[in-house]
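Breakdown of the fold
Chain by chain, the residues:
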Amino acid sequence: QVHVVESGGGLVQPGGSLRLSCTASGSIFSTFAMGWYRQAPGKQRELVATISHSGRTNYADAVKDRFTISRDNAKNMAYLQMNNLKPEDTAVYYCNARRLLVDNWGQGTHVTVSS
């Protein structure tokens, strides 16, 4: 069974930065495609960024040039570096570990951008 855990959320002022971390256990981490998704109050969950097992990345237009997804297979970790945060980035951020078309989700971590 795959276990996904996120960390690193919190309260930050507009223009600030946060780094989210995610670990996935229960299978060989390097075989997972990793992704970050978010869900704001009253909205559907949406894609933020993904990184393939080979390191290819993909970003939502709303976060391009501000967010960076990365992974460290030696540490079984994925990261989301978020810079120049805006109030509209406020959401619960979920880590996803996908392998063989099976999605494994974490519990989510709250990010609030407010002055």
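The sections below set out a description of the structure shown in this document.

Procedures and definitions
Residues numbered from 1 in each chain as written. Predicted model: local features only at pLDDT ≥ 70, side-chain atom pairs only at ≥ 80, totals over all residues. Heavy atoms only, no water. Helix = DSSP H or I, 4+ residues; strand = E, 2+ residues; numbered from the N terminus. Rg over C-alpha atoms; globule rule 2.2 N^0.38 Å. Buried < 20%, exposed > 50% of the residue type's maximum accessible area, 1.4 Å probe, protein only. Contact = heavy atoms within 4.5 Å. Core = buried A, V, L, I, M, F, W, Y, C linked by side-chain atoms within 4.5 Å. Salt bridge = Lys/Arg side-chain N within 4 Å of Asp/Glu carboxyl O. Polar contact = N/O pair within 3.5 Å; in protein donor to acceptor, adjacent residues only side chain to side chain. Disulfide = S-S within 2.5 Å. Pairing = 2+ DSSP bridges. Axes fitted to C-alpha atoms, helices over the stretch in contact; angles between N-to-C directions.

**As for the overall build of the protein chain**
Of the regular secondary structure elements, the protein chain holds zero helices and eleven strands. In sequence order, the secondary structure elements of the protein chain are arranged as β-β-β-β-β-β-β-β-β-β-β. At 13 Å, the protein chain has a C-alpha radius of gyration in line with the 13 Å of a compact globule built from 115 residues. Its C-alpha atoms give the protein chain principal-axis dimensions of about 40 × 25 × 20 Å. Expressed as a percentage of its 115 residues, the buried residues of the protein chain come to 40%. Taking contacts inside the protein chain between residues at least 6 apart in sequence as the whole, the part at least 24 apart equals 53%.

**A few points about the nonpolar core**
In terms of nonpolar packing, the biggest core is built from 28 residues, with Met34, Trp36, Val48, Phe67, Leu80, Met82 and Tyr93 touching the most fellow members. Elements with a minimum of two residues in this core: strand E3 (18–25), strand E4 (33–39), strand E5 (46–51), strand E7 (67–72), strand E8 (77–82), strand E9 (91–99) and strand E11 (109–113). Once you skip the residues sitting within four places of it in the chain, leucine 80 turns out to touch Leu18, Arg19, Leu20, Trp36, Val48, Ala49, Phe67, Thr68, Ile69 and Tyr93.

**With respect to the pattern of salt bridges**
One pass over the full model with this rule turns up five salt bridges. With a closest N to O distance of 2.7 Å, glutamate 46 and arginine 38 form a salt bridge. With a relative accessible area of 6%, arginine 38 lands in the buried category. A salt bridge links aspartate 103 to arginine 98; its shortest N-O distance comes to 2.6 Å. Accessibility expressed as a relative area gives 32% for aspartate 103, which makes it partly exposed. Classification of arginine 98 as partly exposed rests on a relative accessible area of 36%. Ionic contacts of the salt-bridge type, sharing partners, join the residues Arg38, Glu46, Arg66 and Asp89 into one network.

**Remarks on the side chain of arginine 66**
In this structure, arginine 66 sits in the loop between strand E6 (57–59) and E7. Of the polar contacts made by the side chain of arginine 66, one reaches the backbone oxygen of alanine 62; its length is 2.9 Å. Polar side-chain contacts of arginine 66 include one of 2.7 Å to the side chain of aspartate 89.

**Focus on the state of the cysteines**
Put plainly, two cysteines are in a disulfide when a covalent bond ties their sulfur atoms together. Tallied over the entire structure, the rule returns one disulfide. Shown here is the disulfide that connects cysteine 22 with cysteine 95, its sulfur atoms set 2.0 Å apart. As the torsion about the S-S bond is roughly -80°, the cysteine 22-cysteine 95 disulfide counts as left-handed. Here cysteine 95 lies in strand E9 and cysteine 22 lies in strand E3, a separation of 73 residues in the sequence.

**A short note on the sheet that holds E8**
The sheet built from four strands is open, its strands ordered E1-E3-E8-E7 with antiparallel pairing. In this open sheet, the two edge strands, each paired with only one partner strand, are strand E1 (3–7) and E7. Taking the axes of each pair of neighbouring strands and ignoring which way they run, one obtains an average angle of 15° across the sheet. Sheet topology note: the E7/E8 ladder contains six bridges and is antiparallel. Across the sheet, serine 70 pairs through a bridge with tyrosine 79, a residue of E8.

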